[in-house]
Every structure is written in structure tokens, then in C-alpha cells.
Amino acid sequence: MKSRGGRIVLLAVGLWLPVMMPALVVAGGPDQMRGGRPATAADSSPAGFDPVAATEAYLAKVSPDQRARSDAYFEGGYWLQLWGFLYGAAVAILLLATRLSAGMRDLAVRITRVTVLQTALYWIFYLVVTTVLSFPLSVYAGFFREHKYGLSTQTFGPWLGDQAKGLAIGAVLGAVALMAIYAVIRRAPRTWWLWGAGVSLVFVVFTIAIAPVFIEPVFNKYTPLTDKKIKDPILRLARANGIPATDVFVFDASRQTTRVSANVAGFLGTQRIALNDNLLNRCSLPEIESVMAHEMGHYVLNHIFKSLVQIGLLIVAGFAFVRWAFNRVGARWGSRWAIGGIADVAGLPLLVLLLSVFFFVLTPVTNTMIRTQEVEADIFGLNAARQPDGEAEVALKLGEYRKLKPGPVEEFIFFDHPSGYSRILMAMRWKAENLPER
Ligand SMILES: [Zn+2]
């Protein structure tokens with residue numbers, strides 16, 4: 001599961017949203033594996049255990065009403081991605097076409113003569129204006145819709161408070177990042193996309209590294225798990241898999257949501273594994289063990305580092321696309337919008353728009369990058385915890401907000417974690433091959 005704090009910061013730092021999402025999502029709740037080869041009767045274990053029948057039996061535990069509800073929530077999310085993209089594009093075009101963006105740059109120039117500070121000031125103006133313009137969609141998606149499906153535990157005040165915190169963090173982090181990137185653009189007008197991608201990646205690493213220490217605690221309280229009945233088996237699991245952990249952390253996600261989740265976060269020495277209090281309160285020990293073993297899989301398999309490599313490549317490609325497209329769009333409309341070349345900060349809405357087009361189109365690619373790691377973590381988790389039924393039960397709980405049985409194409413395009421069906425089938429196959437011989 002992605003961390004809530006991380007997600008809010010990403011939303012606030014609009015520019016970084018598409019870039020950093022995959023990195024933070026690496027921290028995952030238990031997932032399922034990708035569809036893969038359909039199981040047949042030949043898959044039945046010698047003991048006569050049929051993984052497909054066992055998977056269907058698990059799915060049958062969910063009432064049709066519940067299934068319909070979670071399908072509707074998740075499928076609505078597909079549309080929300082499209083509306084979010086279009087809404088963001090409309091806001092960007094509005095800022096450019098009304099010359100509001102050029103006006104904000106001019107105001108920043110009047111306030112200070114220091115170029116990097118002009119960039120920072122523009123960013124603050126931009127962030128406030130886009131946040132206000134996007135507010136209707138944010139409230140619908142983040143508040144009303146979550147309540148409609150019974151997933152939110154927050155009243156409006158605390159929700160708004162979290163948004164404000166995210167905005168403040170985004171203002172600071174975004175300003176620092178943009179000052180660096182525009183400095184690079186000014187210094188290397190032709191090769192900025194390469195250097196700029198490098199600077200962006202450094203910034204992504206920095207954000208991931210500080211998140212567990214400085215960002216996540218802003219939204220939730222992290223405390224060491226004290227219940228020995230849960231902590232001891234988790235630490236045993238960690239030691240058995242070469243993880244030098246002495247503490248497991250619990251965070252109070254129940255102040256925001258009813259969702260069950262856990263994550264691995266941090267980089268360069270700040271790594272930690274945390275589970276949320278919903279998981280702790282609602283799950284049995286075998287279920288918790290299966291989740292924590294999955295999270296340990298992310299850790300042992302170096303998923304954060306591998307994601308950074310993948311993200312680095314995507315950022316380079318994305319910036320190359322921006323370099324190509326910005327010049328073309330700028331040549332056509334630049335003077336009408338009163339923006340100069342790529343080095344003009346008033347062109348930020350166009351830069352963001354182009355990046356969001358790039359990452360919107362690549363949604364199935366980024367989802368598959370993440371989902372592939374989630375499958376790896378699942379396999380690791382099953383082998384480490386040896387709790388296939390725990391895994392299946394948790395997959396059902398995750399099915400409260402994730403469609404349980406999508407079609408293969410749907411899963412490929414929209415799922416950043418495997419579906420409940422895929423995950424339970426994977427667990428049942430594992431179980432079939434590990435049943436004691438009779
Ligand atoms: Zn995961």
C-alpha cells in the first residue's frame with residue numbers, strides 16, 4: 001500500500017505526482033499475482049486439493065452486495081483517473097490561455113530580482129491557484145466519494161487539515177526541486193532534459209529517504225509495536241530472512257481510513273516496515289504474518305532501489321518528450337500565452353501538462369512495473385510465512401476497495417497490485433504443492 005502522507009505530498013507537488021507515484025507505491029500491502037496461466041485439473045495436488053475450486057470458495061465468502069460495491073468503487077477509480085487527467089489539463093490550459101501564468105511570473109519578477117527566488121515565488125502562486133481550481137475534484141474524490149463507500153473515518157475539518165499539511169510540504173519540497181531544475185535549464189539550454197532528469201531523480205531519492213522521518217509523521221503517529229504475541233513472530237520472520245530489524249512500527253491509519261494496509265518506506269538508512277492499526281485490529285496472526293512477510297519481500301528483493309532505476313529511465317524519457325513537445329507547442333502558442341522558452345517559469349503549466357500526458361499514456365507500463373514487484377513480494381511472502389490461508393483472507397479484506405476478479409486486460413491496464421483472485425489463486429497453488437503427503 002502506498003503511504004497516505006506520501007500520496008498527499010505527491011498530490012500537492014503536482015509536477016512530481018506522475019514521476020514519484022511508482023516509487024512510493026512500491027511500499028505495498030499484500031497483493032496478488034498476475035493472472036498467468038489458468039490452473040487446470042492437472043494442477044490438483046496429489047491430495048486432491050484443487051486450487052481453482054479453493055480460490056472460488058474464498059471469493060464466494062464475499063456477498064454479491066459487497067462485491068458490487070467494491071467493483072463500483074474500483075471501476076469508478078478508472079474514470080476518476082481520466083477525469084483527473086482531463087481536469088488537470090484544463091487547469092493548465094486555463095492558466096496559459098488567460099495569461100494568468102505569465103501574470104504570476106511578472107508578479108514574482110516585481111517582488112524580487114533574484115532569479116531562483118522568482119522561481120520559488122512562482123511555484124507558490126502556481127500551487128495555490130491550481131489547488132484552489134482543483135478543489136472541487138479533490139473534495140469529491142478524497143472526501144465525499146470515500147465516505148460514500150464507507151472507507152473514510154474523517155470528518156471534513158481533519159480532512160481539510162491533512163490537505164493543508166500536504167500543501168505546506170509540497171510548497172517547500174516543490175520550491176526546492178523547481179529552483180534546482182530551472183537552474184539546470186538555464187545553464188544547459190540544450191541538454192537540460194538529461195541533467196534535469198538527473199536532478200529530479202536525486203530529488204525523488206531525497207524525498208523517499210526523508211519520508212519516514214519527516215513526512216509520514218506529519219499525518220500519522222508511528223509507534224513501536226509492543227504486543228509480544230504479534231511482535232515476536234514478526235521479528236522471528238525478519239531475522240530468518242536476514243533483515244536486521246529490532247522494531248516493527250504501527251501507525252494510526254484509522255484516523256483517516258478503514259483500509260487495511262502495511263508498507264515499507266525509506267531509503268539510505270531510513271528504511272522501516274510498518275503496519276497500520278486497522279490491520280492489527282482486524283486480522284489474525286497468520287494474516288498479519290502473511291502481510292509482513294510480503295513487505296519483507298519488498299525489502300529483501302531491493303524493490304525501492306530497483307524502482308528508482310526504472311523511474312530514472314522513465315524520467316529521462318519523459319523529459320526528452322517534454323523537450324521535443326514544448327518547443328513545438330511554444331512555437332505555435334507561446335507568444336499568445338506570453339511565455340518564453342523552456343527556461344521561462346511561466347511555462348510550468350505546459351511542462352506539467354506534457355509530463356502528465358506522458359505518464360497518463362504510460363499508466364499500464366508503470367502499473368505493470370509495480371505489479372510485477374508485488375507478485376515477487378507475494379511469492380517471497382508465501383515462502384517465508386507459509387500462510388496461504390492468511391494471505392487469502394487478507395486478499396479478501398483488500399477486496400473491500402479493490403475489484404476482486406477483473407478481466408486480464410483490465411488487470412494489466414489498471415491494477416498496480418494483482419487482483420484478489422490472482423493473489424488467492426497464487427496462495428492456493430502454493431498450498432496445493434505444500435500440503436503434507438497423505
Ligand atoms: Zn507490496
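Residues numbered from 1 in each chain as written. Predicted model: local features only at pLDDT ≥ 70, side-chain atom pairs only at ≥ 80, totals over all residues. Heavy atoms only, no water.

Asks: Before we go on, may I ask you to explain the coordination of the zinc ion in this structure?
Replies: Reference geometry at the metal: tetrahedral coordination by four donors gives ideal angles of 109.5 degrees; octahedral coordination by six donors gives 90 or 180 degrees. Coordination of the zinc ion by the protein involves His294 (NE2), His298 (NE2) and Glu374 (OE), with metal-donor separations of 1.9 to 2.1 Å. Within one chain, the residues donating to the zinc ion are spaced in sequence as H-x3-H-x75-E. You can see His294 and its partner His298 sitting in helix α11 (residues 285-300), four residues apart, about one turn around the helix. Comparing His294 with His298, the two get one shared label, buried. (Donors = N, O, S within 2.8 Å, 3.2 Å for Na, K, Ca; no water. Helix = DSSP H or I, 4+ residues; strand = E, 2+ residues; numbered from the N terminus. Buried < 20%, exposed > 50% of the residue type's maximum accessible area, 1.4 Å probe, protein only.)

Asks: What's the story with the nonpolar core in this structure? I'm lost.
Replies: As a rule of thumb, nonpolar side chains are buried together in soluble globular proteins. The biggest cluster of nonpolar side chains holds 47 residues, and the ones touching the most others in it are Tyr126, Val322, Phe326, Leu348 and Leu350. Contributing elements (two or more residues each) for this core: α4 (64-97), α6 (115-148), α7 (156-187), α8 (192-219), α12 (303-337) and α13 (348-361). (Core = buried A, V, L, I, M, F, W, Y, C linked by side-chain atoms within 4.5 Å.)

Asks: Honestly, the packing of α7 against α8 in this entry has me stumped. Any pointers?
Replies: A pair of packed helices is captured by two measures, namely the crossing angle of their axes and the spacing between those axes. Interaxial distance between α7 and α8 falls to 10 Å at its minimum, and their mutual angle equals 155°. When the interaxial angle is binned, α7 and α8 end up roughly antiparallel. In the packing of α7 onto α8, the handedness of the crossing is right-handed. On α8, the residues that touch Asp162, Lys165, Gly166, Ile169, Leu173, Ala177, Ala180, Ile181, Val184 and Ile185 of α7 are Trp192, Trp195, Gly196, Val199, Ser200, Phe203, Phe206, Thr207, Ile210, Ile215, Val218 and Phe219. Residues that form the contact of α7 with α8 fall into these classes: 16 nonpolar, four polar and two charged. (Axes fitted to C-alpha atoms, helices over the stretch in contact; angles between N-to-C directions. Parallel < 35°, antiparallel > 145°, perpendicular 65-115°, else oblique. Left-handed = near helix turned anticlockwise from the far one by under 90°. Contact = heavy atoms within 4.5 Å. Nonpolar A, V, L, I, M, F, W, Y, C, P; charged D, E, K, R; others polar.)

Asks: I'm lost on the packing of α6 against α7 in this one. Help?
Replies: Contact pair α6 / α7: the axes reach a minimum separation of 8 Å and the direction vectors enclose 145°. The handedness of the crossing between α6 and α7 comes out as right-handed.

Asks: When you look at the environment of Ser200 in this model, what are you seeing that I'm missing?
Replies: Checked against the element boundaries, Ser200 lands in helix α8. Owing to a relative accessible area of 1%, Ser200 belongs among the buried residues under this scheme. As a C-alpha pair, Ser200 and Ala180 span 20 residues in sequence and 8.7 Å in three-dimensional space.

Asks: Whenever I open this one, a nonpolar patch on the surface confuses me. Can you help?
Replies: Taken together, the side chains of Trp79, Trp83 and Leu86 make up a nonpolar region of the molecular surface, amounting to roughly 350 Å² of accessible area. Relative to the helices and strands, Leu86 is located in helix α4. (Patch = residues over 30% accessible without salt bridge, like charges linked within 9 Å, V, L, I, M, F, W, Y side chains within 5 Å. Areas by Shrake-Rupley, 256 points an atom, 1.4 Å probe, with all protein chains shown as cover. Salt bridge = Lys/Arg side-chain N within 4 Å of Asp/Glu carboxyl O.)

Asks: Before we go on, may I ask you to explain the sheet that holds strand β2 (residues 249-251) in this structure?
Replies: Strands pair in a sheet through their backbones, by hydrogen bonds, and they do so in one of two ways: parallel or antiparallel. Read across the open sheet, the four strands follow the order β1-β2-β4-β3; overall the sheet is mixed. The sheet is open, and its two edges are formed by β1 (222-224) and β3 (262-265), each paired on a single side. Across the sheet, the mean angle from the axis of one strand to that of its neighbour is 30°, orientation sign disregarded. Where β2 and strand β4 (residues 272-276) come together, three bridges link them in parallel fashion. Pairing of Val250 across the sheet is with Leu275, part of β4. (Pairing = 2+ DSSP bridges.)

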